[in-house]
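Analysis of the macromolecular model
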Amino acid sequence: MLVSEPGQPQTVYVKCASCGQLVARFLLSDYYHHGKGIESWLRSLGPAAFESGRDFHDEFSRVQTAALAGFEAACRRLEEQEQVEPP
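An account of the accompanying structure is given in this report. Since we're looking at a predicted model, the values are computed, not measured.

1. Some points on the overall build of the protein chain
- A count of helical and extended segments in the protein chain gives two helices and four strands.
- What you see in the protein chain, going N to C, is helices and strands ordered as β-β-β-β-α-α.
- For the protein chain, buried positions account for 23% of its 87 residues.
- When contacts within the protein chain are restricted to residue pairs at least 6 apart in sequence, long-range pairs at least 24 apart make up 31% of them.
- A total accessible area of about 6,200 Å² is found for the protein chain, and carbon and sulfur atoms account for 53% of it.

What follows is the structure, given as structure tokens:
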């Protein structure tokens, strides 16, 4: 699902066709693979992104929470659109 909102970076949510869960979220400037967790996020940041482990963990938790919330909102909007405009 591609989500484009004014003033926000374009976001792509990848949904598992089998179970319907979030697989990954892509921003034009950021990448986070939900199934691979913190390792995928680290790769997108590059070396020495944070000075403290606590800051690092807090930011990852924020990214993870935001990805799930955005995915759920995109799914709801898509379902609403499908109800209004049947295929």
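Moving on, there is more to tell.
2. Let's talk about the pairing of strand S3 (residues 22-27)
- One ladder, built from five bridges, connects strand S2 (residues 11-15) with S3; its direction is antiparallel. By the bridge assignment, Val12 is partnered in S3 with Phe26.
- Linkage of S2 to S3, two consecutive antiparallel strands, is achieved through a turn of six residues, within which Gly20 is found at a positive phi near 80°.

3. Let's talk about the layout of surface pockets
- When its volume is computed, the largest pocket comes out at roughly 260 Å³.
- What lines the largest pocket is a set of 18 residues, among which Gln8, Pro9, Thr11, Tyr13 and Leu27 lie closest to the centre.
- Listing elements by their share of the lining of the largest pocket, those giving two or more residues are S2, S3 and helix H2 (53-84).
- Among the elements that make up the lining of the largest pocket, the one with the highest residue count is H2 (eight residues).
- In the lining of the largest pocket, the residues fall into nine nonpolar, four polar and five charged.

4. A look at the pairing of S2
- Here two bridges tie strand S1 (residues 2-3) to S2, and the two strands are oriented antiparallel to one another. By the bridge assignment for S2, Leu2 is matched with Val12.

5. As for the state of the cysteines
- Within the structure shown, the criterion is met by zero disulfides.
- Considering cysteine sulfurs only, Cys19 is the nearest to Cys16, which forms no disulfide, with 3.6 Å between them.
- Looking at Cys16, the relative accessible area reads 25%, which means it is partly exposed.
- Given a relative accessible area of 49%, Cys19 falls into the partly exposed group.

Rules used in this analysis
Residues numbered from 1 in each chain as written. Predicted model: local features only at pLDDT ≥ 70, side-chain atom pairs only at ≥ 80, totals over all residues. Heavy atoms only, no water. Helix = DSSP H or I, 4+ residues; strand = E, 2+ residues; numbered from the N terminus. Buried < 20%, exposed > 50% of the residue type's maximum accessible area, 1.4 Å probe, protein only. Contact = heavy atoms within 4.5 Å. Areas by Shrake-Rupley, 256 points an atom, 1.4 Å probe, with all protein chains shown as cover. Pairing = 2+ DSSP bridges. 1 Å grid on protein atoms, 1.4 Å probe; cavity = no way out; pocket = protein on both sides within 12 Å on 5 of 7 lines; lining within 4 Å. Points joined across faces, edges and corners; volume = space filled by probe spheres on them. Nonpolar A, V, L, I, M, F, W, Y, C, P; charged D, E, K, R; others polar. Disulfide = S-S within 2.5 Å.

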